[in-house]
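Residue-level listing of the chains:
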Amino acid sequence: MTDIVHPIAPAVAVDAAQLDHLREMARRIRVEVVRAVNHARAGHLGGPLSAADLLAALYFHELRLRPDEPAWPDRDRFVLSKGHSSIALYAAMALRGYFPVEELLTFDGAHSRLQGHPDMTRLPGLDMSTGSLGMGISAAMGMALGARLAGRDVRAWVMLGDGECQEGEVWEAAMAAPRHALDNLVVIVDHNRLQQYGWPGEGPDGRIPPQVPGELAAKWAAFGWRVIELDGHDMAAILDAFARAKEGDGRPVALIASTVKGKGVSYMEGHWYWHTRPFKPEEYAIAMRDLGEPESAAAGAPAAQGAVR
Amino acid sequence: MTLVMGRPQREIFGETVAALADTDPRIYVLDGDVGSSTRADIVEKAHPDRYLQMGIAEQNMLGVAAGMATMGLIPFISTFVSFAVVRPLDQVRVLIAQTGANVKITPSYGGLFTGQTGMSHIIVDDYAIMRAMPGMVTVSPADDVEAAGALRWAAAYEGPCYIRLGRDAQLRVFDDTHAFAFGRAEVVREGTDVTLITTGGQTGRTVEAAALLAADGISAHVLHVATLKPLDVEAIVAAAERTGRVITVEEGTVIGGLGGAVAEALGEHRPTRVNRIGLQDCFVQSGPNDALLDIYGLSSSRVAEQVREILASS
């Protein structure tokens, strides 16, 4: 597949301080994910943690946006098609200044703007409501197409899960977008190699990954996309891939980001059963220690069931 | 009394959207590869840059429309009712209805007249499905004149709406001076013995049925409900009070459709006996239009016959 690009030379020069800042933002996204899910005793963990570095790079480096003017017409669009990882997006948005970080503790609660799955009618700054898998890519395609038709210099970014790529709608969009030559549309696949439960097999915990190695890159390339494979936890590689994604050649771009489900928490990494599950207190303490926040571990006893959150 | 045939609503769709696009740069038509059937090709010929082929992929098409709407554009959907309502139902629900996207779901081939296609293409539960969906306006114009008015109204309305259009000509109910009145039901014939409440392409045949009933000495009051949601409860209550006896007539399933809507409204506001003429929990076979109307009891004469039977047995 000649279309699949494996970056060798960096496309962007980023200084070490900037990389350190983005890595710190990714760490803080993970901390807030763990804190909020523990507090809500609900929500997903594995997917939000695998997506954290990519979201940090988007919200603190790549996207043209104005947190104090969320409806700014010329902002870049971002759609979290894998809507069940909402808490990671909320954490990135809070840290970026869309709303107070303390509000993250309302996640998943009644009347919260931070619904279990993203609801654009409740939270300014969300570009689409998502959660039913496979849909976000179509909406993002409409944004990219609409931007071109309306003469706006806007790029539409959309993050899909690799399990989500089992949805037929994803491939409807994959087939349609190249027909409209939407090189302002960028798909990021959070390729963490696990889905909620998965097929039985010889993989980790007796389940096999959603795709065989190389399958996703080959499929997107075969559908007419420019494909870039990258390590979704290597911040320099992420920035490099983002820069290359903007070198428009008439084709939409698919970034296949290899990630680890549950990244950053030792006992979660690579285990499907941490897709979504409440913490035991000792598990929460270990998670916070793993993420470099030992002092938060003791303070974070879960909210009692039925408590206002 | 027999009504004359109007023009096919699908042609009105193409012509009206093309005319709207003349003056409004936000208007586009998204086609699920049936533009030569739904007459989106009229838009394409008038404005090649406003016609967007989306291929045979309706779930994606409805999602793309939602995304375009967030960019300030106004997409009109071109496909068949079956592929705009049931196939992409989840996309319509999550991306369009929930977000309040300014998308115009305007498929044709609604009701029984689909060019002899059969059960896969003939969907009769669209009224029930769309009016049950939170935030979704549901409209079913009677004829070509009202279809044009409804489409022009939809372009100006800010938000999602569903307009059922037909493939073939419908009986002409309104003259050229008629203005589509969103949210208002209209009395199309005055009467005193029984109230017939009807919608969409069935309205013309219901009016003809009322004329047949008049010859038998039965005076039927006919109320046309073009907007199924929001429902004109006041007009329905008034029409029920007029005769004290209500029969609904629709080219759709009576479960949750117009019959369901009227029964709900009257049950709550003015308990009145309601009988429902329409499709009775069945899939529809293919066949010529007249044959289908006869089989499913929706021709003018078959409606009159059922009304007589209902009145005689109660």
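The model shown is predicted, which means the values in this text are computed figures rather than measured ones. (Residues numbered from 1 in each chain as written. Chains lettered and ligands numbered in written order. Predicted model: local features only at pLDDT ≥ 70, side-chain atom pairs only at ≥ 80, totals over all residues.)

1. Some thoughts on the overall build of chain B
Then step 1. Tallying secondary structure elements over chain B gives 13 helices and 12 strands in all.
Then step 2. A globule of 314 residues ought to have a C-alpha radius of gyration of about 20 Å, and chain B, at 19 Å, matches this closely.
Then step 3. Projected onto its principal axes, the C-alpha positions of chain B cover 55 × 40 × 40 Å.
Then step 4. Within the span of chain B, comprising 314 residues, buried residues form 60% of the whole.
Then step 5. Residue pairs in contact within chain B that sit at least 24 positions apart in sequence constitute 80% of those at least 6 positions apart. (Helix = DSSP H or I, 4+ residues; strand = E, 2+ residues; numbered from the N terminus. Rg over C-alpha atoms; globule rule 2.2 N^0.38 Å. Buried ≥ 20, exposed ≤ 12 C-beta atoms within 10 Å, placed from the backbone. Contact = placed C-beta atoms within 7 Å.)

2. A word on the sheet that holds strand β12 (residues 274–279) of chain B
Residues and elements named next belong to chain B.
Then step 1. The strand order across the open sheet formed by five strands is β7-β9-β8-β11-β12, and the pairing between neighbours is mixed. Single-partner strands in this sheet number two, and they are β7 (186–189) and β12. Strand-to-strand twist of the sheet, defined as the mean angle between neighbouring strand axes without regard to direction, takes the value 25°.
Then step 2. The pairing of β7 with strand β9 (residues 220–224) spans three bridges and is classified as antiparallel. Bridge pairing in β9 places R189 opposite V222.
Then step 3. Along the sheet face, helix α11 (residues 258–269) touches β8 (194–198), β11 (246–253) and β12 and points at about 145° away from the line of β11. (Pairing = 2+ DSSP bridges. Axes fitted to C-alpha atoms, helices over the stretch in contact; angles between N-to-C directions.)

3. Observations concerning the interface of chain B and chain A
Then step 1. Taken together, the contact between chain B and chain A spans 22 residues of the former and 24 residues of the latter.
Then step 2. Sorting the residues of the side of chain B that touches chain A by element identifies α4 (58–70) and α6 (89–97) of chain B as the ones contributing at least two each.
Then step 3. For the side of chain B that touches chain A, the leading source of residues is α4(B), giving nine residues.
Then step 4. Taken together, the residues that form the side of chain B that touches chain A break down as 10 nonpolar, 11 polar and one charged. (Nonpolar A, V, L, I, M, F, W, Y, C, P; charged D, E, K, R; others polar.)

4. Here's the deal with the packing of helix α1 (residues 16–40) of chain A against helix α2 (residues 46–62) of chain A
Residue and element names in this part refer to chain A.
Then step 1. Axis separation between α1 and α2 bottoms out at 8 Å; the angle between their running directions is 130°. As far as their axial angle goes, α2 and α1 are oblique. Here the hand of the crossing between α1 and α2 comes out right-handed. Within the contact between the two elements, α1 uses L22, M25, A26, I29, R30 and V33 and α2 uses P48, L49, A52, D53, L55, A56, A57, F60 and H61. (Parallel < 35°, antiparallel > 145°, perpendicular 65-115°, else oblique. Left-handed = near helix turned anticlockwise from the far one by under 90°.)

5. Observations regarding the domain arrangement of chain B
All names here are of chain B.
Then step 1. Under the domain assignment, chain B is made up of domain 1 (9–163) and domain 2 (186–312).
Then step 2. Taken over C-alpha atoms, the centre of domain 1 sits 26 Å from the centre of domain 2.
Then step 3. Contact residues are listed per partner, giving 25 residues for domain 1 and 30 residues for domain 2.
Then step 4. Counting residues per element, the ones that place at least two in the side of domain 1 that touches domain 2 are α7 (126–132), β5 (137–139) and α8 (144–156). (Domains from an automatic or database assignment.)

6. Details of the pairing of β12(B)
All names here are of chain B.
Then step 1. Of all six residues making up β12, six are buried, and the element is well covered by its neighbours.
Then step 2. As judged from the five bridges shared by β11 and β12, these two strands associate in the parallel manner. Its bridge partner being in β12, V249 is matched across the sheet by I277.
Then step 3. With α11 bridging β11 and the parallel β12, this β-α-β connection has right-handed handedness. (Right-handed = clockwise from strand over helix to strand, strands pointing away.)

7. Let's talk about the packing of helix α10 (residues 233–243) of chain B against α11(B)
Helix-helix packing: each pair is described by the crossing angle between the helix axes and the interaxial distance.
Residue and element names in this part refer to chain B.
Then step 1. At a minimum axis separation of 10 Å, α10 and α11 run at an interaxial angle of 75°. Classified by the interaxial angle, the pair formed by α10 and α11 is roughly perpendicular. Contacts between α10 and α11 involve V233, I236, V237 and A240 from the former and V262, A265, L266 and H269 from the latter.
Then step 2. Tallied by class, the residues present in the contact of α10 with α11 amount to seven nonpolar, one polar and no charged.

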